[in-house]
Amino acid sequence: MLRNFKVLTPSSLNETLYIINNIEQPYRFLCGGTDVLVRMKDNPGFVKVLIDISKISELAKIEEHKSTFVIGAGVRHETILGCSHFIDNYNGLIEAVAAIGSPQIRAIATLGGNIGNASPAGDSIAALMAFDAEIELRSIDSNRIIRLEDFFTGPGKTVLKNNEIITKIILPKFEGYKSGWKRLGQRRALTISKVSAALAISVSKRPNGSFKVNDIKIALGAVAPTVIRARGAEKFLLETPNFNRAAIEQACVLASKEARPITDVRSNAEYRSEMCGVLLGDLIERVNVFE
Amino acid sequence: MLTKKQNLYSVVGKKVNRVDALEKIDGSARYVDDLAFEDMLFAKMVCSAIPSGRIKKIDKSRALKLKGVAAVLTAADITGLNKIGCVVDDQPLLADKIVRFAGEPIAIVAAETREAAEEAAGLVDIEYEPLEAVLNVDDSFCEKVKVHPKGNTVCHYKVRKGGDIDEAFSKSFKVYEKTFTINYQEHLYLETQGCLALVENEGITVHGSFQCPFYVQGAVATAVGLPLSKVRVIQSVVGGGFGGKEDVPSEYAAKAALLAFVLKRPVKLILDRAQDLMVSSKRHPMKMEYKVGVTKKGKINALKVRALADSGAYTTLSTVVLFRTSVHFGGPYVIPNVCGDVIGLYTNRVPCGAYRGFGTPQVIYAMESMINIICNDMGFDPFEFRKNNALKKGALSINSHKIKESCGLIETIDKARKESDYDKRKKEFDRWNADESKRTLKGLGVSSIFYGMNLGAKGWFFDKAGSHIQICRDGSVTLCVGNVEMGQGAKTVLAQIAAEALGCQVGDINFTNVDTNIVPDSGPTVASRTTVMSGNALLDAANKLRKKLMNAAVEVLKLKVNQIMAKHGKFYNIKDSHQFVTFADLAKKCYFDNVSLSDMGYYVSPKVEYDMQNGQGEPYYVYSYATAVSEVEVDKKTGEVHVNKMTCAHDVGRVINPMLASAQIEGGVAQGVGYAIMENMVSEKGHIKTLGLSTYVIPTTRDFAEVKSVFVEDKSKDGPYGAKGLGEPSLMPVVASVVNAISNAAGCQFDHVPVLPERVWEALNEKKMRDDESEVR
Ligand SMILES: Cc1cc2nc3c(=O)[nH]c(=O)nc-3n(C[C@H](O)[C@H](O)[C@H](O)COP(=O)(O)OP(=O)(O)OC[C@H]3O[C@@H](n4cnc5c(N)ncnc54)[C@H](O)[C@@H]3O)c2cc1C
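As the structure is a prediction and not an experimental result, all values here were calculated from the model.

Caption draft 1: Examining the overall build of chain B more closely. Within chain B, the regular secondary structure consists of 19 helices and 31 strands. Compactness check: chain B gives a C-alpha radius of gyration of 27 Å against a globular reference of 28 Å for 777 residues, within 12% of the reference. Based on the C-alpha atoms only, the size of chain B along its principal axes is roughly 95 × 80 × 50 Å. By the burial criterion, 62% of the 777 residues in chain B qualify as buried. Of the contacts made within chain B by residues no fewer than 6 positions apart, 81% connect residues no fewer than 24 positions apart. Total accessible area computed for chain B in this model is approximately 28400 Å², and 51% of it derives from carbon and sulfur atoms. Taking the average place of the 98 positive charges on the side chains of chain B and the average place of its 92 negative ones, the gap between the two points comes to 5 Å.

Here's what the structure looks like:
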């Protein structure tokens, strides 16, 4: 049950920055509340103050720039799903966001919340990481942009300082890429990922008919303390002289080996590792690179 | 098939909409948590943090200091008796000196707000001396550590039929042996356990979410120390039970009542989901050793079974649940030689109890798996094999019960085959599976069941039901029965039965929720017995009232009784429907003639004779039957399973409401599919780890199979209009048929439920390795 906590409701980003610069008690931001309220219920002592940022309009914008899309941290999943930029160019992100929770959850939960919660199973995180997303962290007197990948240090742990907030997610524009996201859960919907994988890939056909990987990014979720990039598999495919089924199979084996999963109530480590390869294989197949 | 005569019924057999649908849709239905009384306190239980140990000290002082805390009660504060066991007296209401499972209630807190109650519960300091815990049935059976001083056996049911079992196996053409295990299943009713108790008229009134208001009445009287007549239980709207609200709510109601009695204030106790998952009963996990002997012609000639059930720390309902196990472990088949032992064992885990199917889905899974193995190995057709061994009129069950009437098993087998299009699908699936390029494997699985109606030999003394009907002078009718509406549609079906018998319209009927002050003890709302028991009790009352109405109609219409027909609110001339008098006018006439239109009804289940020593006799008076066919698809790479379709053919006697009957089957399928492939209660060192809905996962609509339900209506002479029960049979064949389908797709029989993707994946890998090896050789 929720008890003994205070809610602050700043009306602007500046006010928020001011509050968190001076706050002494343990606090959390309240955006959609779909993570933070659950955690407070399980562990009533966990925070004393909630800072409600759900109504700050500066955080809820999506902007297109020359080489990037910038998504406010307070943008809700439902909004992303209705946005044609993403539908057209970031299929992996759309697939991930569309799978988060249920319609009710997506109508209120945010991208910033998914990132801020820092779960290794965070579904949008894996998709964003496969697009080399960056995030902007702001405090009253600083403003830094870091790679999303560098944000997480462990389950629920990040490099966010006590006086910082995530303001933006910056997605580089991608031309000629195909992308996808897939997960395994305990059931088909409304489930936490047991394993997830996201892929962004650009492939070209050589004059001799063989294929070459121009660029590839693979992110794996729920198989390590944070969402990880499968650099070994990426490197292998980038360097492979002939991108074909055999190469893909080998990359899948590599991806499985890069996972460092645990056994918990949802699944076991061995299965999770193996499924990284299966999901990667499925994604490569699904995005249809050889067309 | 319905004959012309049976078609004469006006509302029975019709798709009548649920009478309680609107209030549940518009939110006006009042569940117990919607009720509030002035000055009400909120209660919270303090539960054991360890699975086994001595309580060295309970320190309430920190909790009592918290603002708003009214009381913290422990075993020492109980005004009546500190016992709650429903069948066997082995369980305290609040643990005294010793705790036997993690989650066992030790103290109960009342405070002005829910928040304060919860916080205070966390401030009750308990010092334990941990003892070694017994955490599985094998350890329990050895009895190196005893959970209770008297030993670890809760009950042991034997079934001995025919000759020496080993000799019988020696005569079998083939003998098959396998051991199966099955995990818990949690009821996961939408509405968690809850009740509200208050002092009224020097006694206690309890409102709540119950399946058995009369059990609650007894438990409250015992705990508080009051005569039954001073305890009134009023049923509120119930958001699901599935057996989980049979005996278990008594524990909470007694605690809330105790607080209310001591503090003289209303007390509400609602369990949150995590606590509900931790402390409330579950379906028994079992370890089941099966040995089946078959003749060359495919007759089962011998069956040996040893089933060990994890009863948890207290008996609760294990003795009755496992009695049913001992009747159903051989399935609906004729088996000449049977040696069965069903043993309930104490462990230091949560007590297990009633759950839709009542100790049968586990053994049905094992038995039907054996049949699947046999059919695959000996090349028998799964339907023909079952038919060849099926119970029919004149045959003897494993308990040597000679089936006398209402046995539609073989028809369910035929219908299930036909309606599932089995033969065509089987060919398609074989082709599909032979194609290596396909990502999935497809499989079909069959399972047949029978289910003994009502409480049977072990519970006959509870097997009665009362009713009260009052026809008001405007022709509206109030009904009260002693069995509850818990979402299953009882109110609708019972209103149909009453309306048919009275000749009124379903819309004229108003249901009063169960109130122990109005109707006599009607036993529990369990065992799929409500339609039959309360239905018959209503018929008893309605028939008396109908006579009076008929007499009045005879006067008004100047016709003889046999010339008058009553339906849809009119009593009319059979030959001329324009000559009629309305039900309302008859009610008015009776009122002014001073003829009472208020009456009680009562019904007692047919008596059965049974020898408990050898498990022989009539365990139940009649059975429902069903056959289910599942179609599943298994992902070769991930091991994920999806149940695409289920065809369920049920013999439930007369179907009172086809729409609700189909809905009941759909619900049973959903719950059964969850049990088969998804629901996995993880417990470590006596602590349940899956204490939330994000870890204990049940199916959503996306996981749902297409369900085709078909009915065989082999009427039962003792049922109202020939009805039998369906509540539990709807779930019972599901697990077995789904697991058989998965096994047939994967090419190996799965010996543990739930069949999770991880296990399927492993099994497919093992099979691939075996196949590769044999190729090399
Ligand atoms: C039923 C249910 C189903 C779910 N299903 C999924 C699922 O399928 N996949 C999935 O990934 N997740 C799922 N979740 C988790 C959750 O919905 C998502 O993580 C969601 O994106 C969180 O967003 P929110 O706005 O609700 O976050 P909140 O709960 O408001 O916040 C979460 C955390 O992020 C921090 N935070 C929020 N905004 C910022 C910011 N701007 N800067 C810094 N920190 C910030 C908060 O301090 C807090 O610690 C589910 C949750 C529920 C209840």
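Still to come is the rest of the account.
Caption draft 2: The arrangement of the packing of aromatic side chains in detail. Summed over all chains, the structure comprises 28 aromatic pairs over all chains. Here Tyr90 of chain A and Phe131 of chain A contribute two aromatic rings whose centre-to-centre distance is 4.9 Å and whose plane-to-plane angle is 75°, an arrangement assigned as edge-to-face. Of the two residues, Tyr90 of chain A is situated in the loop between helix 4 (84-89) and helix 5 (91-99) and Phe131 of chain A in the loop between helix 8 (123-129) and strand 6 (134-139); the sequence distance between them amounts to 41 residues. Residues Tyr157 of chain B and Phe323 of chain B carry aromatic rings whose centres are separated by 5.8 Å and whose planes lie at 65° to one another, so their mutual orientation is edge-to-face. Linking Tyr157 of chain B in strand 7 (residues 153-161) with Phe323 of chain B in helix 9 (residues 318-328), this pair joins segments that are 166 residues apart in sequence. The buried category is assigned to Tyr157 of chain B, whose relative accessible area is 7%. The class for Phe323 of chain B is buried, based on a relative accessible area of 1%. Taken together through their ring pairs, the aromatic side chains of Tyr157, Phe323, Phe450, Tyr610, Tyr620, Tyr623 and Tyr625 of chain B make up a single cluster. Positioned above the aromatic ring of Phe169 of chain B, the side-chain terminus of Lys291 of chain B is 4.5 Å from the ring centre. The ring centre of Tyr591 of chain B lies 5.1 Å from the NZ or CZ of Arg473 of chain B, which sits over that ring.

Caption draft 3: Up close: the site of the ligand. Residues and elements named next belong to chain A. Neighbouring residues of the ligand: 32 residues in total, closest Cys31, Gly32, Thr34, Asp35 and Asp123. At a separation of 2.6 Å, an oxygen atom of the ligand approaches a polar side-chain atom of Thr34. Gly101 places a main-chain nitrogen or oxygen 2.9 Å from an oxygen atom of the ligand. Bound to the protein, the ligand loses 90% of the 980 Å² it would expose on its own. If you list the elements that add at least two residues to the shell around the ligand, you get strand 2 (27-30), helix 7 (111-117) and strand 10 (165-172). It is helix 7 that contributes the most residues to the shell around the ligand, five residues altogether. Along the lines of polarity and charge, the residues of the shell around the ligand split into 15 nonpolar, 13 polar and four charged.

Caption draft 4: Up close: unusual backbone geometry. Residues and elements named next belong to chain B. For the peptide bond that leads from Val753 to Pro754, omega is 5°, which places it in the cis range. Positive phi, close to 70°, is recorded for Lys97, a residue that is not glycine. Mapped onto the elements, Lys97 comes out in the loop between strand 3 (69-74) and strand 4 (98-99). Taking the relative accessible area as the measure of exposure, Lys97 reaches 58% and is therefore exposed. A positive phi angle, close to 50°, is found at Phe358, a residue other than glycine. Tracing the backbone shows Phe358 in the loop between strand 15 (337-346) and helix 10 (361-378). The exposure class assigned to Phe358 is buried, which follows from its relative accessible area of 11%.

Caption draft 5: Spotlight on the domain arrangement of chain B. Residue and element names in this part refer to chain B. According to the domain assignment, chain B contains domain 1 (4-28 + 464-604), domain 2 (32-131 + 187-279) and domain 3 (286-456 + 612-772). Computed over C-alpha atoms, the centres of domain 1 and domain 3 are 37 Å apart. If you look at the interface, domain 1 gives 30 residues, while domain 3 gives 26 residues. It is Ala527, Ser528 and Val532 in domain 1 that bury the most area against domain 3; as a group they hold 27% of the surface buried on that side. Scanning the region where domain 1 abuts domain 3 turns up zero salt bridges. Summed over the shared surface of domain 1 and domain 3, the number is 10 residue pairs in polar contact (both at pLDDT 80 or more). Those elements giving two or more residues to the side of domain 1 that touches domain 3 turn out to be helix 14 (490-502) and helix 15 (530-557).

Caption draft 6: Main features of the packing of helix 6 (residues 213-224) of chain B against helix 7 (residues 248-263) of chain B. Residue and element names in this part refer to chain B. Relative orientation of the contacting elements helix 6 and helix 7 amounts to 45°, with a least axis distance of 8 Å. Our classification of the angle between helix 6 and helix 7 gives oblique. Considering the relative orientation of helix 6 and helix 7, their crossing is right-handed. Side by side, helix 6 and helix 7 meet where Tyr215, Val216, Ala219, Val220, Ala223 and Val224 of the first sit next to Pro249, Ser250, Ala253, Ala254, Ala257, Leu258 and Phe261 of the second. Looking at side-chain class alone, the contact of helix 6 with helix 7 contains 12 nonpolar, one polar and no charged residues.

How each quantity is defined
Residues numbered from 1 in each chain as written. Chains lettered and ligands numbered in written order. Predicted model: local features only at pLDDT ≥ 70, side-chain atom pairs only at ≥ 80, totals over all residues. Heavy atoms only, no water. Helix = DSSP H or I, 4+ residues; strand = E, 2+ residues; numbered from the N terminus. Rg over C-alpha atoms; globule rule 2.2 N^0.38 Å. Buried < 20%, exposed > 50% of the residue type's maximum accessible area, 1.4 Å probe, protein only. Contact = heavy atoms within 4.5 Å. Areas by Shrake-Rupley, 256 points an atom, 1.4 Å probe, with all protein chains shown as cover. Lys, Arg positive; Asp, Glu negative; His and termini not counted. Charge placed at Lys NZ, Arg CZ, Asp CG, Glu CD. Phe/Tyr/Trp six-rings, centres within 6.5 Å; stacked < 30°, edge-to-face > 60°. Lys NZ or Arg CZ within 6 Å of the ring centre and 35° of its normal. Near = heavy atom within 4 Å. Polar contact = N/O pair within 3.5 Å; in protein donor to acceptor, adjacent residues only side chain to side chain. Nonpolar A, V, L, I, M, F, W, Y, C, P; charged D, E, K, R; others polar. Domains from an automatic or database assignment. Buried area = accessible area lost by both parts, 1.4 Å probe. Salt bridge = Lys/Arg side-chain N within 4 Å of Asp/Glu carboxyl O. Axes fitted to C-alpha atoms, helices over the stretch in contact; angles between N-to-C directions. Parallel < 35°, antiparallel > 145°, perpendicular 65-115°, else oblique. Left-handed = near helix turned anticlockwise from the far one by under 90°.

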